[in-house]
Amino acid sequence: MAEIVSLLYQFGTNAAFLLLAALGLIVILGMMNIINLAHGEFMMLGAYAASAAVHRGLPFPLAVLLSAVAVGVFGIVLERLVVRHFYGRELGALVVTWGISLILSQGTLIAFGPFMAPIAIPGGALTVGVYSFSTYWLFLMAICVVLLAGLGWLYKATEFGLQARATMQNAAMARALGIRVERVYMITFGLGSALAGLSGALLAPTTSIAPFMGQQFVAPAFITVVVGGGASVIGGAIGSSSLLSLVETPVSFLMGSFWGSIALLVTALVLIRILPNGVSSLRLRRRTRGARG
Amino acid sequence: MSDPILSVSGLRSGYDAGDVLREVSLSLAPTEIVGVIGRNGAGKSTLMRTLIGLLKSRGGRIHFDGAELTGLPAEERARKGLGYVPQGRFIFPDLTVHENLRTGRFIGRALDFELIYATFPVLKERRRQIAGTLSGGQQEMLAIARALIAGPKLLLLDEPSEGVQPSIVQEIGEALLTLNRERGLSVLIVEQNLDLMQHVAQRAYALDKGGITAELGREQIADEALLTEYLSV
């Protein structure tokens, strides 16, 4: 019994980590087809902002919200000044966001040095049998559910969501219908940045805070995005993060976290081989087949 | 004749390879339905894309409903009352029929869903269906409905009969005439289908090699042999 709870907890932790790492990246890539290579650095900025706020005596939840807003605003400023000039040129956007990532991490190193004092994991621990679980990670799992539901609501139920989905499917046509596509892009980039900042702040207590910490998030974030595929942005993220942690969790449990990471990479490779368009293409395939039948 | 709702003078535009339109001038009175005919490659779709602003003009002026459109982006032209139905329809395939219509309602004068659904009842039946799974004719109706629900003063209609079964082409023609009669909608229509052109157009321009070569009245449009000539020169 305790083992099952522990496995479930590990599974939830791994899935929550993948989702948090990937969400901001997914929103920007899915809606704008921009690969934001500065995603990890946006998360780093969120972690720095949250830690700085906590060290100055702010309560942690407030520090997290503040970081999300700050990184969101920062993203909008970058979008207006730099990124928007590269729309429709995927490679250009790739290089320019990579440049931004270098400036951000090196700039942080120069400004704040190689380390920042860590912040404590909030909350305590629950004990089941011989295992103990951090309530903070349980809280992060809940946050993931809330974030996914919130994004689903934003894109399915609001006017902005409809404008964003129309723009994603055909930006020229959206323009011809009077949709202010530039504004949609600006808000989307801001939202993706805010999500990266939020995730960075939320994960800050669980890791060491350093200028190059973004790197540890970027690989899992990209793997989650690629395995998820583009057919349904949010559905893909849920599907791939649960599939990947479904494999990673038992392997880590039995053989240690090193082999767990290897299992995650192998699973990603196999999945991309079988489903080149990602997990979300399964849903689309079923839907079109249903429509023909 | 009252002040034209659309007047275009010396319009020049094209793609990387060079100009497709050179010195196109035309005008449209309010509540007029005017056709543009010409063979493939004459520049008909280029003209429509330039009018809505998805293609930048390289010279000339576009004046619409008392405002200068030249230099405005497409979204602002749409907001001034220009509706656009592209060749190939470009409905949003992953949105439902109803969501597609909602995308046309973000601008000022938007009409009620009921009016549009009354014009195209089949869209109401299928309002929850994913638009990409509609037949070609239904998609064409949806593309027209999506433009109409914005309440445009002038509709730019590019090849609505392409890949559409004859009964639906006829239905589209009737809908255009009704909206023209009841709501004073003006239409600029590019069309290769002679039946539809003869049914709806009051006047037509012949476009060849990127320039207007003739202006045809109602009687000339009725002359099938003459139209065929313009399409095949």
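The structure this text deals with has already been given above.
Please read all numbers here as calculations on a predicted model, not as lab measurements.

Definitions and limits used
- Residues numbered from 1 in each chain as written.
- Chains lettered and ligands numbered in written order.
- Predicted model: local features only at pLDDT ≥ 70, side-chain atom pairs only at ≥ 80, totals over all residues.
- Heavy atoms only, no water.
- Helix = DSSP H or I, 4+ residues; strand = E, 2+ residues; numbered from the N terminus.
- Rg over C-alpha atoms; globule rule 2.2 N^0.38 Å.
- Buried < 20%, exposed > 50% of the residue type's maximum accessible area, 1.4 Å probe, protein only.
- Contact = heavy atoms within 4.5 Å.
- Areas by Shrake-Rupley, 256 points an atom, 1.4 Å probe, with all protein chains shown as cover.
- Lys, Arg positive; Asp, Glu negative; His and termini not counted.
- Charge placed at Lys NZ, Arg CZ, Asp CG, Glu CD.
- Pairing = 2+ DSSP bridges.
- Axes fitted to C-alpha atoms, helices over the stretch in contact; angles between N-to-C directions.
- Buried area = accessible area lost by both parts, 1.4 Å probe.
- Salt bridge = Lys/Arg side-chain N within 4 Å of Asp/Glu carboxyl O.
- Nonpolar A, V, L, I, M, F, W, Y, C, P; charged D, E, K, R; others polar.
- 1 Å grid on protein atoms, 1.4 Å probe; cavity = no way out; pocket = protein on both sides within 12 Å on 5 of 7 lines; lining within 4 Å.
- Points joined across faces, edges and corners; volume = space filled by probe spheres on them.

Asks: How should the overall build of chain B be read in this particular structure?
Replies: Within chain B, the regular secondary structure consists of 10 helices and 10 strands. Whereas a compact globule of 233 residues would reach a radius of gyration of roughly 17 Å, chain B reaches 17 Å, a difference of no more than 12%. Overall, chain B is about 45 × 40 × 40 Å in size when its C-alpha atoms are taken along their principal axes. The proportion of buried residues among the 233 residues of chain B is 55%. Contacts in chain B between residues far apart in sequence, at least 24 positions, make up 70% of those at least 6 positions apart. As presented, chain B carries roughly 9500 Å² of accessible surface, and 47% of it is formed by carbon and sulfur atoms. With 26 positive and 29 negative side-chain charges, chain B shows a spacing of 7 Å between the two charge centroids.

Asks: What is the right way to read the sheet that holds strand E4 (residues 57-64) of chain B from this model?
Replies: Strands in a sheet are paired, the pairing made by backbone hydrogen bonds, and the direction either parallel or antiparallel. Residue and element names in this part refer to chain B. Here four strands make up an open sheet; going across it, the order is E2-E1-E4-E5 and the pairing antiparallel. The open sheet has two edge strands with one neighbour each: strand E2 (18-28) and strand E5 (67-68). Here two bridges tie E4 to E5, and the two strands are oriented antiparallel to one another. Looking at E5, one finds that Phe64 is bridged to Ala67.

Asks: I'm lost on the sheet that holds strand E10 (residues 211-216) of chain B in this one. Help?
Replies: Residue and element names in this part refer to chain B. Read from one edge of the open sheet, six strands run E6-E7-E8-E3-E9-E10, paired in mixed fashion. On the outer flanks of this sheet lie strand E6 (82-85) and E10, each paired with one strand and no other. The sheet shows a mean angle of 20° between the axes of neighbouring strands, direction not considered. Direction of pairing for strand E3 (residues 33-37) relative to strand E8 (residues 186-190): parallel, over a ladder of four bridges. When the sheet's bridge partners are listed, Gly35 is paired in E8 with Ile189. Packing against the sheet, helix H6 (residues 136-148) makes contact with E6 and strand E7 (154-158), and its axis sits at approximately 170° to E6. The strands that helix H7 (residues 166-183) touches are E3, E7 and E8; relative to E3, the one it contacts most, it runs at about 140°.

Asks: Before we go on, may I ask you to explain the interface of chain B and chain A in this structure?
Replies: Where interface size is quoted, it is often the accessible area lost as the parts come together. Contacts between chain B and chain A engage 23 residues on the former and 20 residues on the latter. When the two sides are added together, the surface that chain B and chain A hide from each other amounts to roughly 2100 Å², 61% of it contributed by carbon and sulfur. Remark: the boundary between chain B and chain A carries four salt bridges. Close ionic contact of Arg180(A) with Glu76(B) constitutes a salt bridge, the shortest N to O distance being 3.0 Å. Sorting the residues of the side of chain B that touches chain A by element identifies helix H2 (74-79) and helix H3 (97-103) of chain B as the ones contributing at least two each. Broken down by element, the residue count for the side of chain B that touches chain A peaks at five residues, all from H2(B). Classifying every residue of the side of chain B that touches chain A by side-chain character gives 13 nonpolar, three polar and seven charged.

Asks: How should empty space enclosed by the protein be read in this particular structure?
Replies: In this approach a probe as big as a water molecule rolls over the atoms, and the regions it shows empty are the leftover space. With the rule as written, the count across this model stands at two cavities of 30 Å³ or more. In this structure, the largest cavity occupies an estimated 50 Å³ of space. As for the largest cavity, its lining consists of Ala176(A), Leu177(A), Ala78(B), Leu82(B), Gly83(B), Tyr84(B), Ile107(B), Ala147(B), Ala150(B) and Pro152(B). Residues of the lining of the largest cavity, tallied by class, amount to nine nonpolar, one polar and no charged. In this structure, the second largest cavity occupies an estimated 40 Å³ of space. Around the second largest cavity sit Leu23(A), Ile26(A), Val27(A), Met31(A), Leu151(A), Tyr155(A), Val233(A) and Ile234(A), which together line it. Counting residues per element, the ones that place at least two in the lining of the second largest cavity are helix H1 (2-32), helix H5 (135-157) and helix H10 (233-255) of chain A. Of all the elements, H1(A) adds the most residues to the lining of the second largest cavity, at four residues. Its residues assigned to classes, the lining of the second largest cavity shows eight nonpolar, no polar and no charged.

Asks: Explain the layout of surface pockets here, please?
Replies: Estimated volume of the second largest pocket: approximately 330 Å³. The wall of the second largest pocket is formed by 14 residues, among which Gly53(B), Leu54(B), Leu55(B), Lys56(B) and Pro73(B) lie closest to the centre. Every element with two or more residues in the lining of the second largest pocket is listed here: helix H7 (171-176) of chain A together with H2 of chain B. Across the lining of the second largest pocket, the residue classes tally to six nonpolar, three polar and five charged.

Asks: Sorry, what's going on with the side chain of Ser51(A) here?
Replies: Relative to the helices and strands, Ser51(A) is located in helix H2 (residues 39-55). The exposure class assigned to Ser51(A) is buried, which follows from its relative accessible area of 0%.

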